[in-house]
Amino acid sequence: MQIDTRNRKCGIKLPQDILNSKECPYPKTNDGAKTDLKWYYPGPEPKQARYGLANPEYGFDLASISNYSGLLECPCTDRFGGDPVIYGKETLTKTLADSYTVVSSSKCTDGKANNALIETPYTCFRSAADMVSRMDYKFKVEKNLTISAADGTIGNQFPPGCSLDVKPNNGIQVTYNKFSKSKVKCANSDSASWEFYGQVDFPVTGVKAFLTIAKSSGLVKIRLSGPKDVWFGLAFNAHYMNDKPYSILVLPDQDTSTATVVEQKLGTCGDEASHCGGDRLQASVKVIQDKIETDPVTGKQIRTLQLERNLIGISKDHFSFITQDSQAVVNIPMMSAIGKSREFAHHSRHNKGILSLVSISDSTCLCIDGTSSNGGICDSKGQGCERFIQQCAKPCMGNFGQRCGSLVEQSNPVCVARSYSGGQKCCRGNGTILLDWHQDSPAQKELLRYHMKFRFYFQEYNDGSIPSSLQTTTLEAADKIRQRRTDIATTEISQLLRYNSDNGPSHYNLNRYYYQTEADASEYDVPPAFARRAKSKLGKEIVLPIPGYPGWPENKPTPGTSCTGRCPDGPDCECVHEIRARFHLPAKRNDGDSKGIRLLWANGHCHAPTCLDLELYRMDPGHEMELLCRQVAVYGQGNLTHDRFDDAGYIYIPPCLWSLPGEEKEGLQVGILLPAGAELLSVKRNRNTYFGHYGEMASWQMRGVEF
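Small disclaimer: the values here were computed from a predicted structure and weren't measured.

Caption draft 1: Main features of the overall build of the protein chain. The number of helices and strands found in the protein chain is six helices and 38 strands. Here the protein chain holds 707 residues, and 48% of them are scored as buried. Sequence-distant contacts in the protein chain: of pairs separated by 6 or more residues, those separated by 24 or more amount to 67%.

Take a look at the structure:
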């Protein structure tokens, strides 16, 4: 979230303001009552901010209706991802067109994916050219062939619809066969010895991967190349770290002449960005060759490895190149990254791509992708589109006992690209500008400088072996050593080391437990309760569109919304948006079965300005709907003369805390020892009577012990 101090009264506007400690009284009305009016002086916001309320066409006075910046929601803009209901039908920032995929079934309409035949030669040739362009330069479309519906002679040589045939010189013929009665099958996984291959290039990182998967050998062979002197890697079946993908990493050895290849499950830290190294996996890749070459174009040294591993992963965390019903996986979202050094750490550059595998011997069919989002968010030129389906959990109706949630049931816009309207994917990292093209860029103003102060409280660790008569701190011992009183310090330390007792330690390691109520998209949208009417500056009355819910009717609450009072326009109308999720605590840990979990700290994630509360319940047998934790948002009131940090509208969410048995003197309830694998229910509520909120979060970060 962005903290907009530039546009707040008494906010930091220039570097010298940091040093000013002058009082900043809260504005008053004539009768002395506090008011939010003009406390916040809004800066520019894109049209899509605040679900379109920032659109200047509607003439809303943003300072009179809120005291926060609409930028904190990361709205999509006409630079990237802007919705046609805000920016017009001609915008290129969102495509609602179908996406396309190669298949390994005998025809497009086979299987569970609801794929379909491409309907026109133009679409066939255009989508095939786009797919081939992502492959190595050695692959080129040499011929586009259209077969008429009446030409059974040639039509019986190709599958119906769109298909690709690879020639020995890597030239590709793309065929659109209108002869629907053709009995020729697509290259498919039902044959006794299928084999598919293809290449994906990542121009930003310079990583390239050529893969061959073959049924006869049961192997995937990978030719992987990247920079010689720093680590690089490849992640499978993912475009984002929070997909927690399987990856292959290449880590140069000390002299960089050779490298170590490891396998890793990425993004398992447990936060919304999931931007971390993750967990090392059991080795399954065999290195056949590690060779250093000079790139003929750039002159740089590159490392090329020949790798092999089984098609089927050796665990659930290892990606499998074949499905449970024995279909080859031939369309794979991919990520690549390179590091800053030999050691695996945060990447310096990363890139996304799609690996499409084609048959070596038969016609590979290209079809409308029935599993895709049928859309994408793009830049202002309609390029760089991101097509995705988030891992939103299935509805809890009939899914008790397994991970389930509300987002799919509510058709929440974050789940698919075609409805995505704001949040992390429109805050694209360094350099992202959350304004429309015609608005002033912050780069034209003086940059803000922030000073942040941290204070850490700690206690010396006592392992239980120190009696009160000998207690001293390591700081005291170190001080005596600095005073050259080493004889006394050494004696005291020796006494401490010799002493032993059955007392317990002063500190225990707290295990971390992380779950998402927005399971498992890492964010979700809180739409406004109703589609409301407004007048444009020209006096025309319109129904304000709701991005993500196009054409939503008036007077009908949006999904997840419940209201009291006379709604939507009555003065007593109050509306709340709610999502739920059910999940299980771990049943096992690395060294065996879990003995249960005693929570000591729990804190949910909730954003201003709409956050109300979060609740966590037990759902294990005999304890259904037993409340464990309830957090209620506390908002700043702007009483800065009393508390300079009481900034209006800023949010504080007190956590839930418990003690260990025997430590009730701390004033806390003893944490309940929850059984291993216990099911929990999370409920999250936001106020949405008039305003919506993009990119809301509702995750639980918790810590506890297993005794």
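Caption draft 2: Region of the structure containing the pattern of salt bridges. Counted according to the given criterion, the structure contains 25 salt bridges. In this structure, Arg532 engages Asp569 in a salt bridge whose closest nitrogen and oxygen atoms are separated by 3.4 Å. A residue pair is termed long-range when its members are at least 10 positions apart, and Arg532 in the loop between β22 (524-526) and β23 (533-535) and Asp569 in the loop between β25 (561-564) and β26 (574-584) qualify at 37 residues. Several salt bridges share partner residues, and in doing so they unite Glu578, Arg580, Asp613, Glu615, Arg630 and Arg685 into one network.

Caption draft 3: Highlighting the sheet that holds strand β12 (residues 279-280). Strands sit in the order β12-β11-β10-β9-β15-β16 across an open sheet of six strands; the sheet is antiparallel. Since the sheet does not close on itself, it has two edges, and those belong to β12 and β16 (349-356), each with one partner. Two elements, strand β11 (residues 259-265) and β12, share two bridges in a ladder whose sense is antiparallel. Counted as the bridge partner of Lys265 is Asp279 from β12.

Caption draft 4: The nonpolar core, seen in detail. Core analysis: the largest hydrophobic core is formed by 56 residues, its most contacted members being Leu211, Ile213, Leu224, Phe236, Ile248 and Phe321. Ignoring sequence-local partners within four residues, the contact set of Leu211 consists of Phe196, Tyr197, Gly198, Val220, Lys221, Ile222, Phe236, Phe321, Leu355 and Leu357. Of all hydrophobic cores here, the second largest spans 25 residues; its members include Phe583, Leu600, Ala602 and Leu680.

Caption draft 5: Examining empty space enclosed by the protein more closely. Here the structure, examined in full by the defined rule, presents one cavity of 30 Å³ or more. What lines the largest cavity is Leu599, Leu628, Trp658, Gly671, Ile672 and Leu674. When grouped by side-chain class, the residues that make up the lining of the largest cavity number five nonpolar, one polar and no charged.

Caption draft 6: Here's a closer look at the confidence of the model for the protein chain. When pLDDT is averaged across the protein chain, the result is 83; 82% of the residues are at 70 or more. Counting interchain partners and residues more than four positions distant, the pLDDT-below-50 stretch residues 12-39 has 52 contacts.

Caption draft 7: View of the side chain of Asp436. Structurally, Asp436 is set in the loop between β20 (404-405) and α5 (474-482). Buried within the structure, Asp436 lacks any salt-bridge partner; Lys47 is the closest side chain of opposite charge, at an N-O distance of 6.1 Å. Among the polar contacts made by the side chain of Asp436, one reaches the main-chain amide nitrogen of Lys47 at a distance of 3.0 Å. Among the polar contacts made by the side chain of Asp436, one reaches the main-chain amide nitrogen of Asp78 at a distance of 3.0 Å. In contact with Asp436, other than residues within four places in its own chain, are Pro46, Lys47, Thr77, Asp78, Arg79 and Tyr87.

Caption draft 8: Summary view of the sheet that holds strand β8 (residues 219-227). Strand order in the open sheet made by the six strands is β13-β14-β8-β7-β6-β17, with antiparallel pairing throughout. With one partner strand each, in any of the chains shown, β13 (286-294) and β17 (358-359) form the two edges of the open sheet. As paired elements, β13 and strand β14 (residues 301-310) share eight bridges and run antiparallel to each other. Note on β14: the bridge partner recorded for Val287 is Leu307.

Caption draft 9: Structural context of unusual backbone geometry. Cis geometry marks the peptide bond from Ala519 to Asp520; its omega dihedral reads -10 degrees. Here Asp520 shows up in the loop between β21 (511-516) and β22. Of note in the backbone geometry, Ser411 takes a positive phi value of approximately 50 degrees without being a glycine. Topologically, Ser411 is positioned in the loop between β20 and α5. Ser411 gets classed as partly exposed once you look at its relative accessible area, which sits at 48%.

Caption draft 10: Quick look at the state of the cysteines. With the rule as written, the count across this model stands at twelve disulfides. Here Cys76 engages in a disulfide with Cys426; their sulfurs sit 2.0 Å apart. In this structure the cystine formed by Cys76 and Cys426 twists about its S-S bond by roughly 80 degrees; its chirality is therefore right-handed. In this pair, Cys76 sits in the loop between α1 (62-65) and α2 (84-87) while Cys426 sits in the loop between β20 and α5, placing the two residues 350 residues apart along the sequence. Residue class for Cys76 comes out buried when judged on its relative accessible area of 0%. Across the disulfide from Cys567 sits Cys573; the S-S distance is 2.1 Å. A torsion of 105 degrees about the S-S bond marks the disulfide between Cys567 and Cys573 as right-handed.

Caption draft 11: Geometry of a nonpolar patch on the surface. Together, Met452, Phe454 and Phe456 line one region of the surface with nonpolar side chains, adding up to about 470 Å² of accessible area. With respect to the secondary-structure elements, Met452 resides in the loop between β20 and α5.

Caption draft 12: The packing of aromatic side chains, seen in detail. Following the criterion strictly, the structure yields twelve aromatic pairs and no others. Their ring planes at 85 degrees and their centres at 5.6 Å tell us that Phe236 and Phe321 sit as a pair that is edge-to-face. Here Phe321 lies in the loop between β14 and β15 (331-338) and Phe236 lies in strand β9 (residues 232-236), a separation of 85 residues in the sequence. Each of the two residues, Phe236 as well as Phe321, counts as buried. Here the aromatic cluster, defined as three or more aromatic residues joined through ring pairs, consists of Phe236, Tyr246, Phe319 and Phe321. The ring of Trp437 has Arg79 lying over it, and the distance from NZ or CZ to the ring centre is 4.2 Å.

Caption draft 13: Helix α3 (residues 121-133), seen in detail. With 13 residues, α3 should cover 18 Å at 1.5 Å per step; its first-to-last C-alpha distance of 18 Å lies within 8% of that length. Looking only at α3, the buried set comprises Pro121, Thr123, Cys124, Phe125, Ser127, Ala128, Met131 and Val132.

Caption draft 14: Layout of the environment of Ser348. Tracing the backbone shows Ser348 in the loop between β15 and β16. For the pair Ser348 and Thr205, spaced 143 residues apart in sequence, the C-alpha separation works out to 8.9 Å. Those residues within four positions of Ser348 in sequence are excluded, and the remaining contacts are Ile338, Gly339 and Lys340. Polar side-chain contacts of Ser348 include one of 3.3 Å to the backbone oxygen of Gly339.

Caption draft 15: Structural view of the environment of Leu164. As for its placement among the helices and strands, Leu164 is situated in strand β4 (residues 161-166). Sequence spacing of Leu164 and Cys365 is 201 residues, and the spatial spacing of their C-alpha atoms is 6.4 Å. Beyond its immediate sequence surroundings of up to four residues, Leu164 is in contact with Ala128, Met131, Val132, Ile172, Gln173, Val174, Asp362, Ser363, Thr364 and Leu366.

Cut-offs and rules
Residues numbered from 1 in each chain as written. Predicted model: local features only at pLDDT ≥ 70, side-chain atom pairs only at ≥ 80, totals over all residues. Heavy atoms only, no water. Helix = DSSP H or I, 4+ residues; strand = E, 2+ residues; numbered from the N terminus. Buried < 20%, exposed > 50% of the residue type's maximum accessible area, 1.4 Å probe, protein only. Contact = heavy atoms within 4.5 Å. Salt bridge = Lys/Arg side-chain N within 4 Å of Asp/Glu carboxyl O. Pairing = 2+ DSSP bridges. Core = buried A, V, L, I, M, F, W, Y, C linked by side-chain atoms within 4.5 Å. 1 Å grid on protein atoms, 1.4 Å probe; cavity = no way out; pocket = protein on both sides within 12 Å on 5 of 7 lines; lining within 4 Å. Points joined across faces, edges and corners; volume = space filled by probe spheres on them. Nonpolar A, V, L, I, M, F, W, Y, C, P; charged D, E, K, R; others polar. pLDDT = per-residue confidence, 0-100. Lys, Arg positive; Asp, Glu negative; His and termini not counted. Polar contact = N/O pair within 3.5 Å; in protein donor to acceptor, adjacent residues only side chain to side chain. Disulfide = S-S within 2.5 Å. Patch = residues over 30% accessible without salt bridge, like charges linked within 9 Å, V, L, I, M, F, W, Y side chains within 5 Å. Areas by Shrake-Rupley, 256 points an atom, 1.4 Å probe, with all protein chains shown as cover. Phe/Tyr/Trp six-rings, centres within 6.5 Å; stacked < 30°, edge-to-face > 60°. Lys NZ or Arg CZ within 6 Å of the ring centre and 35° of its normal. Expected span 1.5 Å × (residues − 1).

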